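Chain residues, written in single-letter form:
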Amino acid sequence: MFDEESGSMKDVSSLMKERLKADQIALLDLIAETAAHQQVSVYVVGGFVRDLLFNIQNLDIDLVVEGDGINFSEILAEKFNGRTKNYEKFGTSTLTLKGQSHIDVATARTEYYSHPAALPKVEPSSIKSDLARRDFTINSMAIKLNGQGVFPLVDFFDGEMDLKDGSIRILHDRSFIEDPCRIFRAIRFEQRFEFCIEDQTRGFMKSAIESDLINQLSGKRLLNEVKLLLKEPDPVRCVDRMKEFSLLQFFASDISNDDSRWLVMKKIDSVLIWSKMISMPKKPETWLVYFLGLFVAVKDAVFEQAVERLSFPVKISNRMRSDREHFIKARRGLNEGREPGPSEIYDIFSELSAEAVILLLAACSSERVNKYAALYFNEYYTSAKTKLTGDDLIGMGVEPGPIFNDVFKALRDARVNGQVASRDEEVLFVESQFLK
Ligand code: ATP
Ligand code: MG
């Protein structure tokens, strides 16, 4: 049970009323009532509490139950007509309520690490032990939902104080050794909130990095951390910070301090904003643009090493390979100083993913190339769609085979260049060019 002696018991109900939306408060009230009725202690924990105190909106509710988390999630689901997805092995459950985002429900647990960077073994415990296994003091606070109209803040590790001071502080000396992911998380929160990594914490972080502990992380976990850093509001600064802590070498040993790369990286943000004005059929994934940007102008071997270390899914790595190849061609083609025709513009942009287009615009940084992108997405992308199908071509007497590609390419070019506009004109075009 909650040890009242060692934690703060400050009531934060008026802060919640002031800062949360009415429906969020109503939901927390209902959860609290259910907890009281079931006679279990339930807490909202982690990021939600931190962001409430810091006055930032956060819609992710993480609950910890002193008792059976899955059972409590099922009770909430039944009461509120929701759905659950349970993970018995971890004693956790994801609850989806109508019209709400997900709520994660966990059983309060302690973690044991059999060896550094291993996945922990877990065991049910009190809220205090559950909070003690967390990464930083600012993320180790909870609010008790006990159904009496008060919401006590549970803060065993001076999280509130560190939040006020702007400090990222680990809870115990072995924290980074137990889970080196926290190294990346420290940078993430430091950059997001413009906080400082507290001196001792930074010392432990550096020695964990120097001991090559990152090498013990699986590709999947490492990629996840890199991805989360690149999703932050200022990804370039996050990359800079990774560089300062010598972290890039763990997945990209040969990334140099090439100034031109940083110039391109710094332009991505404004290109992303600009690109909202053109109707791209697929929205670029920001983190992927930055990831590609990091590897602009590095040798394929270095890029391949990173792809392997980070265990990228094959689909994404193939897409990135193709992007790298077409990016170089596109940049060369657009730098020739000659005005490309509509079908040439079409050929350049149609080969690139949404992410590579953004990177290309950042790298070229020219009004002229922006204009081509706008033409491609606002006009050529749609006008290139041919009305004739493969069956139509067969019906017209074109022999099925590789020639189909030539016919469609010629048709697309003709459409984009304004030579044909209707189905009838396409038929005439094919007859005159391919069936004489
Ligand atoms: P965000 O706003 O980025 O989601 P968050 O604090 O909610 O921040 P999550 O990754 O969603 O972070 O994790 C939720 C909580 O779980 C954290 O607040 C922290 O208490 C705990 N946590 C997550 N990852 C770790 C970790 N690697 N080590 C220890 N505690 C962790
Ligand atoms: Mg979260």
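Above: the structure in question.
First, a word on scope: everything that follows refers to the structure included in this document. Per chain, the residues get numbers from 1 upward, laid out in the order the sequence is written. Labels are handed out in written order, letters beginning with A for the chains and numbers beginning with 1 for the ligands. Per-residue local features are limited, in this predicted model, to residues with pLDDT of at least 70; the limit for side-chain atom pairs, both in listing and counting, is 80 or more; totals at the level of whole chains, interfaces and linings are taken over all residues. Remark: hydrogens and water are excluded; side-chain values derive from all non-hydrogen atoms of the structure.

1. Brief notes about the site of ligand 1
Taken together, 14 residues are adjacent to ligand 1, and Arg50, Asn139, Asp179, Arg182 and Arg192 come closest. Counting of polar contacts relies on pairs of N or O atoms within 3.5 Å, with two restrictions inside protein: one atom must be capable of donating a hydrogen and the other of accepting it, and residues adjacent in sequence are counted only when both atoms are side-chain atoms. The separation between a nitrogen atom of ligand 1 and a polar side-chain atom of aspartate 179 is 2.8 Å. Arginine 192 places a polar side-chain atom, nitrogen or oxygen, 2.7 Å from an oxygen atom of ligand 1. Each accessible area is a Shrake-Rupley estimate made with a 1.4 Å probe; only the visible protein chains count as cover when residues are assessed. Considering ligand 1 on its own, with 580 Å² of exposed area, one finds that the protein chains cover 74% of that surface. Here, proximity means that at least one heavy atom of the residue falls within 4 Å of the molecule or strand.

2. Focus on the layout of surface pockets
Space inside the largest pocket adds up to approximately 1,800 Å³. Put simply, the grid is 1 Å and covers the protein atoms alone, a cavity is a trapped set of points that fit a 1.4 Å probe, a pocket is an open set with protein on both sides within 12 Å along at least five of seven lines, and lining residues have an atom within 4 Å of a point. Along its surface, the largest pocket is lined by 47 residues, and Asp62, Arg109, Arg133, Arg134 and Arg185 are the ones closest to its centre. Put simply, the parts of the chain that give the lining of the largest pocket at least two residues each are helix H3 (47-54), strand E2 (61-66), strand E4 (92-96), strand E5 (102-107), strand E6 (109-112), helix H8 (181-193) and helix H10 (219-230). Just so you know the grouping, Ala, Val, Leu, Ile, Met, Phe, Trp, Tyr, Cys and Pro go in nonpolar, Asp, Glu, Lys and Arg go in charged, and all remaining residues, Gly too, go in polar. Class assignment for the residues of the lining of the largest pocket results in 17 nonpolar, 12 polar and 18 charged. One number sums up the size of the second largest pocket: a volume of about 370 Å³. Along the walls of the second largest pocket sit 21 residues, with Lys282, Arg319, Ser353, Ala354 and Glu355 positioned nearest its centre. When residues of the lining of the second largest pocket are traced back to their parent elements, those giving at least two are helix H13 (286-294), helix H15 (314-334), helix H16 (342-350), helix H17 (354-364) and helix H18 (367-383). Each helix is a run of H or I in the DSSP string that is no shorter than four residues. Each strand is a run of E no shorter than two, and both are numbered from the N terminus. Ranked by the residues each element gives to the lining of the second largest pocket, the list is headed by H15, at 5 residues. Of the residues belonging to the lining of the second largest pocket, the class tally is 13 nonpolar, 2 polar and 6 charged. Grid points are joined across faces, edges and corners, and a volume is the space filled by probe spheres set on the points.

3. So, unusual backbone geometry
Residue glutamine 39 is not a glycine yet carries a positive backbone phi of 60°. Relative to the helices and strands, glutamine 39 resides in the loop between helix H2 (22-38) and strand E1 (41-45). Classification of residues uses two cut-offs on accessible area relative to the type maximum, computed with a 1.4 Å probe and protein chains only: under 20% is buried, over 50% is exposed, and between them is partly exposed. We classify glutamine 39 as exposed; its relative accessible area is 72%. One non-glycine residue, serine 311, adopts positive backbone phi at about 45°. Structurally, serine 311 is set in the loop between helix H14 (300-309) and H15. Exposure remark for serine 311: the relative accessible area of 42% places this residue in the partly exposed category.

4. Details of the environment of isoleucine 127
Along the chain, the position of isoleucine 127 falls in helix H5 (residues 127-132). In the structure, isoleucine 127 is positioned 62 residues away from valine 65 in sequence and 7.8 Å away in space, judged by C-alpha atoms.

5. What about helix H9 (residues 199-210)?
Every helix has an expected span of 1.5 Å times one less than the residues it contains. Here H9 contains 12 residues, and its C-alpha end-to-end distance of 16 Å stays within 8% of the 16 Å for a straight helix at 1.5 Å per residue. Taken as a whole, H9 has its buried residues at Thr201, Met205, Ala208 and Ile209. Buried residues of H9 fall within an arc of 100° about the axis and therefore sit on the same side. In H9, those exposed residues whose orientation departs by more than 90 degrees from the buried face are Asp199, Gln200 and Glu210. You can read the cap of H9 off the contacts: a side-chain oxygen lies 3.1 Å from the backbone nitrogen of glutamine 200, and it is on glutamate 198. Within two residues after H9, aspartate 212 carries a phi angle of roughly 60°, on the positive side. The arc in question is the one traced by the directions running from the helix axis out to the C-beta atoms.

6. Some remarks on the side chain of arginine 241
Summarising the element assignment, arginine 241 is placed in helix H11 (residues 235-244). Within the structure, arginine 241 has its side chain in polar contact with the side chain of glutamate 244 (distance 2.6 Å). Any two residues whose heavy atoms approach within 4.5 Å are treated as being in contact. Those residues in contact with arginine 241 that sit more than four places away from it in its chain are Ile187, Glu190 and Gln191.

7. Details of a negative patch on the surface
Nonpolar side chains (Val, Leu, Ile, Met, Phe, Trp, Tyr) within 5 Å and like charges within 9 Å form the patches, drawn only from residues with over 30% relative accessible area and no salt bridge. One side-chain nitrogen of Lys or Arg within 4 Å of one carboxyl oxygen of Asp or Glu is enough to make a salt bridge. His is not counted, nor are the chain ends; Lys and Arg add positive charge and Asp and Glu add negative charge. By convention, the point assigned to a charge is CZ for Arg, NZ for Lys, CD for Glu and CG for Asp. A cluster of acidic residues, Asp68, Glu74, Glu78 and Glu88, forms a negative patch on the protein surface. Position of glutamate 74 among the secondary structure elements: in helix H4 (residues 69-80).

8. Here's the deal with the packing of aromatic side chains
Centre distance and the angle of the planes are the two values used to describe a pair of aromatic rings. Classification of ring pairs uses Phe, Tyr and Trp, with its six-membered ring standing for Trp, and accepts pairs whose centres are within 6.5 Å; under 30 degrees between planes counts as stacked, over 60 as edge-to-face, and the remaining range as tilted. Counted under the stated rule, the structure contains 16 aromatic pairs. On the numbers, 6.4 Å between centres and 65° between planes, the contact of tryptophan 287 with phenylalanine 291 is edge-to-face. Residue tryptophan 287 and its partner phenylalanine 291 are both found in helix H13; the two are separated by 4 residues, about one turn of the helix. Centroid distance tyrosine 376 to tyrosine 381: 6.0 Å. Interplanar angle 70°. Geometry classified as edge-to-face. For tyrosine 381, a relative accessible area of 30% corresponds to the partly exposed category. Taken together through their ring pairs, the aromatic side chains of Phe54, Phe136, Phe189, Phe193 and Phe195 make up a single cluster.

9. A few points about the side chain of histidine 326
Take histidine 326: it is sitting in helix H15. Owing to a relative accessible area of 15%, histidine 326 belongs among the buried residues under this scheme. Ignoring any residue separated from it by four or fewer positions in sequence, one finds histidine 326 in contact with Glu351 and Leu352.

10. A closer look at the nonpolar core
Put simply, a nonpolar core is a bunch of buried Ala, Val, Leu, Ile, Met, Phe, Trp, Tyr and Cys residues held in one set by side-chain atoms that sit within 4.5 Å of each other. If you look at the biggest cluster of nonpolar residues, it comprises 120 residues, and the most contacted ones within it are Leu63, Leu247, Phe251 and Phe291. A total of 10 residues in this core trace back to one element, the largest contributor, which is H17. Setting aside residues up to four positions removed in sequence, phenylalanine 291 forms contacts with Val226, Leu230, Phe251, Leu310, Phe312 and Met320. Grouped together as the second largest cluster of nonpolar side chains are 13 residues, Phe404, Val420, Phe429 and Val430 included.

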